[in-house]
Amino acid sequence: MLILRGGLVADPRTGTEQVADVAVSDGSVVAVGSVPDDPSAEVIDVTGLVVGPGFIDLHSHVHSIAGQRLQAMDGVTTTLDLEAGLLPIELAYARAAADGRVLHYGFSASWGDARAVAHLGMAPEADLEASLSMLGDPAWQRTSSAAERHAWLELLESELAAGALGIGVLMGYAPRSDPAEFLDVARLAASTGTATFTHVREIVEADPTTPVDGAEEITRAAAETGARMHHCHVNSTSRRHVDRVLGLLDGSRSAGSDVTVEAYPYGAGSTAIGAFFLAPERLGAWGLVPSSITMVSTGERIASLARLTELRATDPGAVCVVLFLDEDSPADNAMLQRALAFPDAIVASDAMRVEWPGGVVDTREWPLPPGGQTHPRTAGTYARSLRRMVRETGAWTWSEAFRRCAYLPAQVLAPFTPAMRTKGYLAPGADADLVVLSPDQITDRATYLDPTRPSTGVVHLLVDGTFVVRDGALDTTAYPGRPVRR
Ligand SMILES: [Zn+2]
């Protein structure tokens, strides 16, 4: 048995914070309160620290040990790729298990890959990078024929049957496709009792010719089909129109639809350079210029429209960082704050893989070798959210922070994922996925220029009762991560 003695224990399920001991045994929390000494127990004094359920990231494209370790230092215990998903799901889970995982992991069924099978005859191998390259292909972006739609719906259904955690829908990358396709996806989610996780289509402010406003598409489909629908990174797809989009989601929730939303605390996004919305003729709609875009692997800041066109043609899957809100502008910063503070908005990172020169994308070395490139949200989303929303602005209490980072994300999946029913809260019977953090020191350190600096202030991190971080140091022998499946 392990006893964490005397910390401030935050349980987001009940909204309580109390100084208490937490006892852990066999991967579960067995007691919270005043736990007597036990000669066979290991006791760790956590006085002055905050103890809560480990963070559950619904949106992590990190499929590597290196990336998971950065997320562990940020307080995360479960990383799920639900927006993009992977296909085939069996291969995705088998590969992660064979490699070993530091944190719990899981994937949704990939609508994008299923379309690639139906449109392009591709045979995806659960490789997100290959998927990113095809997103710029007009033959992938176009509306499916009836036969193609039937084929990819069937494929998605078999992936769900194989344990995929809902359906990941990269609609924003095929924004001219027939809205009837999205309704079919929603119907499949409803009939299987699962959920959709959507990167929405362009919103009307950015593209008045869009077949349907991206945010309205979600609320309409949720109302019409009754499906659970999750709106990914509302900050990056809404940009300066976030108030309109949040108002729409609010109305939809009040009307009884099962719509959830997530945000991350950065003013820049990250995606493949070949994405539809980065086409030279589309930049103006978002108030972007070529120099708003920086290539991740080379650090190149794009100098001209001609260079942008060239990069999109030669390497459409290459990852870039796109500045869409100016964090130094009070008005833009306030907009970001409103997205994070929106009632029940979930914190999710959209963590991207770490890439070193020469195409290296994973390592068991720790500390990470220098020169790794990614978006800083990979390493810093949670510590940055806590610093900003709890410490600096007082917008959230600790239990509210754990509700946004652990309890609410678990609740999105719990109706169709038994493994999530014992995660996201802190009481006897909960899984021993725990974070112990310093309330004064928790902070992100990753920057756009140095994005792999781990967060500080996570003192201990337990995954399934095993220490991944202890006394602030990562245990490089720990691989306790387990699959989370439907
Ligand atoms: Zn996205």
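Just so we're clear, the structure is a prediction, and the values are computed from it rather than from any experiment.

S.K.: Could you clarify how one ought to interpret the overall build of the protein in this entry?
M.R.: When you go through the protein residue by residue, the secondary structure sums to 14 helices and 20 strands. Relative to the globule expectation of 23 Å for 486 residues, the C-alpha radius of gyration of the protein, 21 Å, shows essentially globular dimensions. In terms of principal-axis extent, the alpha carbons of the protein reach across some 65 × 45 × 45 Å. Per-residue burial for the protein yields a buried fraction of 62% across its 486 residues. Of all intrachain contacts in the protein linking residues separated by at least 6 positions in sequence, the fraction that spans at least 24 positions is 73%. For the protein, the accessible surface area stands at approximately 16500 Å², while carbon and sulfur atoms represent 53% of it.

S.K.: Can you walk me through the sheet that holds strand β15 (residues 319-323) in this structure?
M.R.: Two strands in a sheet stick together by hydrogen bonds in their backbones, pointing the same way (parallel) or opposite ways (antiparallel). Read across the sheet, three strands follow the order β13-β15-β14 without closing on themselves; strand pairing throughout is antiparallel. At either margin of the open sheet sits one strand with a lone partner, and together these are β13 (268-272) and β14 (293-295). Within the sheet, the average angular offset between the axes of one strand and its neighbour, ignoring direction, is 25°.

S.K.: What exactly am I supposed to notice about the coordination of the zinc ion here?
M.R.: When four donors bind a metal tetrahedrally, each ideal donor-metal-donor angle is 109.5 degrees, and when six bind octahedrally, the ideal angles are 90 or 180 degrees. Protein coordination at the zinc ion: the donors are E83 (OE), H199 (ND1) and H233 (NE2), at 1.8 to 2.3 Å from the metal. Sequence positions of the residues that donate to the zinc ion give the spacing E-x115-H-x33-H. One end of the pair, E83, is in strand β7 (residues 76-86); the other, H233, is in the loop between β11 (228-231) and α9 (234-238), with 150 residues separating them in the sequence. The class for H233 is buried, based on a relative accessible area of 2%.

S.K.: What should I look at first to understand the packing of helix α7 (residues 179-192) against helix α8 (residues 214-225) in this one?
M.R.: To describe two helices that pack against each other, one gives the angle between their axes and the distance between the axes. Running from N to C, α7 and α8 cross one another at 45°; their axes reach a closest spacing of 10 Å. Classified by the angle between their axes, α7 and α8 sit oblique to one another. The chirality of how α7 crosses α8 is right-handed. Contact residues: P179, F182, L183, A186, R187 and A190 in α7; E217, I218, A221, E224 and T225 in α8. Of the residues that constitute the contact of α7 with α8, the class distribution is seven nonpolar, one polar and three charged.

S.K.: Which parts of the structure should I look at to understand helix α10 (residues 242-254)?
M.R.: Because each turn of an α-helix spans 3.6 residues, side chains separated by three or four positions in sequence point in the same direction. Taking 1.5 Å of rise per residue, the 13 residues of α10 would be expected to cover 18 Å, and the 18 Å separating its terminal C-alpha atoms lies within 8% of that figure. Residues V242, V245, L246, L249 and S252 constitute the buried set of α10. For α10, the arc enclosing every buried residue in end-on projection is 120°, short of the 170-degree limit, so these residues lie on one face. The inward-facing, buried residues of α10 contact α8, β11, α9, β12 (259-263) and α12 (330-341). Looking one or two residues beyond α10, the residue adopting positive phi is G256, at roughly 100°.

S.K.: Would you mind showing me how to read the UniProt feature "domain: Amidohydrolase" (unreviewed entry) in the protein here?
M.R.: Following the UniProt record, one finds the feature "domain: Amidohydrolase" (unreviewed entry) at residues 42-469. Taken end to end, residues 42-469 is 36% helix and 17% strand, and its first and last C-alpha atoms sit 16 Å apart.

S.K.: Please explain the nonpolar core as it appears in this structure.
M.R.: Generally speaking, a soluble globular protein has its nonpolar side chains buried in company with each other. The biggest cluster of nonpolar side chains holds 131 residues, and the ones touching the most others in it are W111 and W398. With eight residues, the top contributor of residues to this core is helix α14 (residues 398-413). Per-domain counts for this core show at least three residues from each of domain 1 (2-53 + 424-474) and domain 2 (55-420). Counting 22 residues, the second largest nonpolar core, distinct from the first, contains A20, V29, I44 and L49.

S.K.: Help me understand the state of the cysteines, please; the structure alone is not making it clear to me.
M.R.: Among covalent bonds in proteins, the disulfide is the one between the sulfur atoms of two cysteines. Per the stated rule, a full pass over the model turns up zero disulfides. This cysteine, C320, is not joined by any disulfide, and C232 carries the nearest cysteine sulfur, 18 Å off. By relative accessible area, which is 0% here, C320 ends up buried. Left unpaired, C405 is separated from the closest cysteine sulfur, that of C232, by 16 Å. In this structure C405 comes out as buried when scored by relative accessible area, which is 0%.

S.K.: Explanation requested: the side chain of T192 in the structure shown.
M.R.: Here T192 shows up in helix α7. Relative accessible area serves as the criterion here: at 18%, T192 is assigned to the buried category. Among the polar contacts made by the side chain of T192, one reaches the main-chain carbonyl oxygen of L188 at a distance of 2.7 Å. One polar contact links T192 to T194, side chain to side chain, over a distance of 2.9 Å.

S.K.: Explain the packing of aromatic side chains here, please?
M.R.: Each aromatic ring pair is described using two quantities: the centre-to-centre distance and the angle formed by the ring planes. Following the criterion strictly, the structure yields ten aromatic pairs and no others. Ring centres of W111 and W140 lie 5.8 Å apart, and the angle between their planes is 75°; on these two criteria the pair is classed as edge-to-face. Taken together, the positions of W111 in helix α3 (residues 111-120) and W140 in helix α5 (residues 138-141) put the pair 29 residues apart, joining distant regions of the chain. Across this residue pair, the class does not change: W111 and W140 are buried. Among the aromatic residues, ring-to-ring pairing joins F55, Y382 and F402 into one connected group. Of note, R13 hangs over the ring of Y425, and the distance from its end group to the ring centre comes to 3.8 Å.

S.K.: Please explain the pairing of strand β1 (residues 2-11) as it appears in this structure.
M.R.: If a strand is regular, its side chains alternate between the two faces of the sheet. Burial of β1 is extensive: eight of the ten residues sit out of reach of the surface. Inspection of the sheet shows β1 paired to strand β4 (residues 42-45) by four bridges, in the parallel sense. The residue bridging R5 from the neighbouring strand is D45, located in β4. Pairing of β1 with strand β2 (residues 16-25), which is carried by eight bridges, proceeds in the antiparallel orientation. Opposite L2, over in β2, you have V24 as the bridge partner. Connecting the antiparallel pair β1 and β2 is a turn made up of four residues, with G15 showing a positive phi of about 70°. Sheet topology places β1 next to strand β5 (residues 50-53); two bridges connect them, and they run parallel. When the sheet's bridge partners are listed, L8 is paired in β5 with V50.

Scoring rules and cut-offs
Residues numbered from 1 in each chain as written. Predicted model: local features only at pLDDT ≥ 70, side-chain atom pairs only at ≥ 80, totals over all residues. Heavy atoms only, no water. Helix = DSSP H or I, 4+ residues; strand = E, 2+ residues; numbered from the N terminus. Rg over C-alpha atoms; globule rule 2.2 N^0.38 Å. Buried < 20%, exposed > 50% of the residue type's maximum accessible area, 1.4 Å probe, protein only. Contact = heavy atoms within 4.5 Å. Areas by Shrake-Rupley, 256 points an atom, 1.4 Å probe, with all protein chains shown as cover. Pairing = 2+ DSSP bridges. Axes fitted to C-alpha atoms, helices over the stretch in contact; angles between N-to-C directions. Donors = N, O, S within 2.8 Å, 3.2 Å for Na, K, Ca; no water. Parallel < 35°, antiparallel > 145°, perpendicular 65-115°, else oblique. Left-handed = near helix turned anticlockwise from the far one by under 90°. Nonpolar A, V, L, I, M, F, W, Y, C, P; charged D, E, K, R; others polar. Expected span 1.5 Å × (residues − 1). Arc of directions from axis to C-beta. UniProt positions renumbered as here; feature names shortened; annotations may be inferred. Core = buried A, V, L, I, M, F, W, Y, C linked by side-chain atoms within 4.5 Å. Domains from an automatic or database assignment. Disulfide = S-S within 2.5 Å. Polar contact = N/O pair within 3.5 Å; in protein donor to acceptor, adjacent residues only side chain to side chain. Phe/Tyr/Trp six-rings, centres within 6.5 Å; stacked < 30°, edge-to-face > 60°. Lys NZ or Arg CZ within 6 Å of the ring centre and 35° of its normal.

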